[in-house]
Amino acid sequence: KILQGKPLSYNNLLDMEVAYKTSCELEKLMENEGSCSGNFGAVIVKHLTPCGLALGKSQLEALEWAWSGDPTSSFGSIIALSGSVEEDTATWLSKKFIEIIIAPDFSNKAIEILGAKKNLRLIKQPMSTFTDTEEIRSIGSGEYLVQDPDWDHDREFKSVTKCKFPAELHTMAKFGTLTTKYLKSNAVSVVGIGPHGLPMLLSAGMGQPS
């Protein structure tokens, strides 16, 4: 449901897909990992790529830490947030240039604050698990690829050195795998521990021409 803002472009819709799906997987991570449960997630996308990703004890904290991962790319970005957007988050965002905000809900006060930015799109969309959703992609003139998305990409972690994989890093590894999944070809993500021992994206890179 579009609450306000100018019409969506094709690139906006593609960016929204990445932001929304990444946010949904963050929700799933928080549900399945005890150390992450009860927290909030924030996803920032620019040019079809997550450039900020973090969990926090509050929605605003998650957003601030996600933004700190790449403040330059966060300018003019698409943001997906878990939980209803409240006054403090809206006030913080009102001072930034953002294209789109996706969240399950927005408080009346948040809508009032963000309403001052007439072009800013506010999208109300509940989070989903996507368990039975097929993925369809156009790959040519009238040709399509239909496939089942890989939702079980973080079942097992193996060390390729003599050191065993430390159990205490399991949640952070799942977070890093989730992040890398939504980057592009030859992707590398560097994740670390942010506030309250929760994971966050520190840096991301993808394959580029020389």
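Starting from 1, residues in each chain are numbered consecutively following that chain's sequence as written. pLDDT decides what is reported in this predicted model: residues at 70 or higher carry local features, side-chain atom pairs at 80 or more are listed and counted, and totals for whole chains, interfaces and linings draw on all residues regardless. The side-chain figures draw on all heavy atoms in the structure; neither hydrogens nor water molecules are used.

Colleague: I keep staring at the pattern of salt bridges and nothing clicks. Help me out?
Modeller: As a working rule, side chains carrying opposite charge can pair if their charged atoms are close by. The salt bridge definition used is simple: a Lys or Arg side-chain nitrogen within 4 Å of an Asp or Glu carboxyl oxygen. Summed over the entire model, instances satisfying the criterion amount to eight salt bridges. In this structure, the salt-bridge partner of Arg137 is Glu17, at a minimum N-O distance of 3.1 Å. Remark: Glu17 occurs in helix α1 (residues 10-32) and Arg137 occurs in strand β7 (residues 135-138); sequence separation between them is 120 residues. Put simply, Arg121 and Glu99 hold a salt bridge, and the shortest N to O gap is 2.7 Å. Taken together, the residues Arg121 in strand β6 (residues 121-124) and Glu99 in strand β5 (residues 98-103) connect sequence positions 22 residues apart. With respect to burial, Arg121 and Glu99 carry one shared label: buried. Residues participating in the shared-partner salt-bridge network are Glu17, Lys21, Glu135 and Arg137. Here a helix means four or more residues in a row that DSSP labels H or I, a strand means two or more in a row labelled E, and each is numbered from the N terminus. Partly exposed describes any residue whose relative accessible area lies between the buried limit of under 20% and the exposed limit of over 50%, with all areas from a 1.4 Å probe on protein chains only and scaled to the type maximum.

Colleague: How do you make sense of the packing of α1 against helix α6 (residues 170-181) when you look at a structure like this?
Modeller: The description of two packed helices rests on the angle between their axes and on the distance between the axes. At a closest axis distance of 10 Å, the pairing of α1 and α6 adopts a crossing angle of 165 degrees. Relative to α6, the element α1 lies roughly antiparallel. Crossing of α1 over α6 shows right-handed handedness. Seen from α1, the contacting residues are Thr22, Glu25, Leu26 and Leu29; seen from α6, they are Lys174, Phe175, Leu178 and Lys181. Amino acid classes used here: Ala, Val, Leu, Ile, Met, Phe, Trp, Tyr, Cys and Pro are nonpolar; Asp, Glu, Lys and Arg are charged; the rest, including Gly, are polar. Counted by class, the contact of α1 with α6 contains four nonpolar, one polar and three charged residues. Only the stretch in contact is used when a helix axis is fitted, and all axes are lines through C-alpha atoms; the angle between N-to-C directions ranges over 0 to 180 degrees. Roughly parallel means an angle under 35 degrees; roughly antiparallel means over 145; roughly perpendicular covers 65 to 115; every other angle is labelled oblique. Note: crossing handedness is left-handed where the near helix turns anticlockwise from the far helix by less than a right angle, and right-handed where it turns clockwise. The criterion used for residue contact is that any of the two residues' heavy atoms lie within 4.5 Å.

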